[in-house]
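Summary of structural features
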Amino acid sequence: MQIVSAQDVNFSYGENTVIRGVSFSVGRSEITAIIGPNGSGKTTLLKLINGTLLPEKGEVGVAGKNTARYTRREIAKKVSIVPQETSLIFPYYAEEIVLMGRFPHLGNYRFENKNDYSIVHEAMERTDTLSFARRRFNELSAGERQRVLIARALAQEPEVLLLDESTAFLDLKHQLRFLRLLKKLKAEKQLTIVFVTHDINLAAQHADKIILLYSGKIYAIGNPAEVISARNMKEVYEVDVLVDVGLQNRSPRITLLT
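Description of the structure in this document. (Residues numbered from 1 in each chain as written. Predicted model: local features only at pLDDT ≥ 70, side-chain atom pairs only at ≥ 80, totals over all residues. Heavy atoms only, no water.)

1. Structural notes on the sheet that holds strand 4 (residues 57-62)
Pairing in this open sheet of four strands is antiparallel, and the strands run 2-1-4-5 from one edge to the other. Either end of the sheet is taken by a strand with one partner, and the two such strands are strand 2 (16-27) and strand 5 (65-66). Relative to strand 2, helix 1 (residues 42-50) is tilted by about 60°, and along the sheet it contacts strand 1 (2-13), strand 2 and strand 4. (Pairing = 2+ DSSP bridges. Helix = DSSP H or I, 4+ residues; strand = E, 2+ residues; numbered from the N terminus. Contact = heavy atoms within 4.5 Å. Axes fitted to C-alpha atoms, helices over the stretch in contact; angles between N-to-C directions.)

Below is the structure:
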C-alpha cells in the first residue's frame, strides 16, 4: 500500500526549474533513498513531500490525500522532517527542542502532559540524547544537535520520516545506531522512511528502493541492484566506478576508479 506518491510534478524557484515531470510512489513501511549530484533537486523533493512547497504542476500525495489540502498541523501529524541544518535564535534546552515535536498533537487548548513527556524521553533514549537533555542546543556539537533533531522528529510520531543528509554529522557509532533504529522503527511501527544522501553505498545497503535524480528528473528508480550500476554512475556523476557486491547483505557496492 503506497503512502507517498508524486504524479508528473514540476517545481521552480523563479525561472529555475528544479523538479521536472517527477512521478513515483513509496509503500508503507518502506525505506527509500534519494541520491543524485548536487543541484539535482533532492532537498526540494523532500520539501514537496512535506508540504512545505507545493508543486506548480502535478500532485504530491501523503496517505491518499493531496498535500495542498492538508493544514500544516494535519500534515505534521503525518510527516516529520530532519533538515540538513537548522538555526535557532533562542538558547533552548535539548529537551525543549524535542518537545517541539509534540506541538501538532497538542491542539489550541492542551498543554504537554505526562504522556507527551514520556514520548519525548523515549525518543531521546532511542537517539542517545537523554544524557544532555538540560544542555543548551547551541552548546552542543554538530553531531549532538543532529541527534536532537532526529529525536524531535521521532517525538512527532509520524507515519513518514524524511531525512536530509541526517547521518552527515554523526560519528560511526551513532551512524550505526541510527541506521539500526530506522530498521527497528520500520518493523515495529511500520514507519515509512525517505532519506537523501550522498553516500551511495549507505543507500544501497539500507534502502528498499532508490530514486536517482539527475537535473530534476528521475534518471532511474528501483531496488539497489537495478539503480546502482557503473553505467548510471558514469552518466549521472561523470565518474568511473567499480560495482561489486557487499559482503553483509549482498547489496551493490561502488569503488571509485582513480
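2. Regarding the nonpolar core
Judged by nonpolar contacts, the single largest core of 49 residues is most densely connected at Leu-161, Phe-195 and Ile-228. Counting 27 residues, the second-largest nonpolar core is a separate cluster that includes Val-9, Ile-34, Ile-49 and Ile-211. (Core = buried A, V, L, I, M, F, W, Y, C linked by side-chain atoms within 4.5 Å. Buried < 20%, exposed > 50% of the residue type's maximum accessible area, 1.4 Å probe, protein only.)

3. Section: the packing of aromatic side chains
The full count for this structure, using the stated rule, is two aromatic pairs. Consider the rings of Phe-11 and Tyr-13, whose centres lie 4.9 Å apart with planes at 85°: the pair is edge-to-face. Taking relative accessible area as the criterion, Phe-11 reaches 9% and is therefore assigned buried. Their ring planes at 90° and their centres at 6.1 Å tell us that Tyr-214 and Tyr-219 sit as a pair that is edge-to-face. Residue classification places Tyr-214 among the partly exposed residues on the basis of a relative accessible area of 31%. (Phe/Tyr/Trp six-rings, centres within 6.5 Å; stacked < 30°, edge-to-face > 60°.)

4. Describing the pairing of strand 7 (residues 160-164)
Counting buried residues along strand 7, five of its five residues qualify, which places the element largely inside the surrounding structure. Residues of strand 7 alternate between two faces, with Val-160, Leu-162 and Asp-164 on one and Leu-161 and Leu-163 on the opposite face, all of them buried. Direction of pairing for strand 6 (residues 79-82) relative to strand 7: parallel, over a ladder of four bridges. Across the sheet, the residue bridging to Val-82 is Leu-163, located in strand 7.

5. Remarks on the pattern of salt bridges
Applying the stated criterion across every chain yields a total of 17 salt bridges. With a shortest N-O distance of 3.1 Å, Glu-159 and Arg-28 are connected by a salt bridge. With a gap of 131 residues between them, Glu-159 in the loop between helix 6 (142-155) and strand 7 and Arg-28 in the loop between strand 2 and strand 3 (31-35) connect regions that are remote in the sequence. For Arg-126, the salt bridge is made with Glu-188, and the minimal N-O distance between the two is 3.8 Å. Here Arg-126 is found in helix 5 (residues 114-126), whereas its partner Glu-188 is found in helix 7 (residues 172-189), with 62 residues between them in sequence. Given the relative accessible area of 45%, Glu-188 is considered partly exposed. (Salt bridge = Lys/Arg side-chain N within 4 Å of Asp/Glu carboxyl O.)

6. Side note on the sheet that holds strand 9 (residues 209-214)
If you walk across this open sheet you meet the six strands as 6-7-8-3-9-10, and the pairing is mixed. The sheet is open, and its two edges are formed by strand 6 and strand 10 (217-222), each paired on a single side. Sheet twist, expressed as the average angle between the axes of neighbouring strands with direction ignored, equals 15°. In this sheet, strand 10 lies alongside strand 9 in antiparallel orientation, the contact comprising five bridges. Within strand 10, the position partnered with Ile-210 by the bridge is Gly-222. Each of strand 6 and strand 7 touches helix 6; the most contacted strand, strand 6, lies at about 180° to it. Across the sheet, helix 7 is in contact with strand 3, strand 7 and strand 8 (192-196); its angle to strand 7 comes to roughly 160°.

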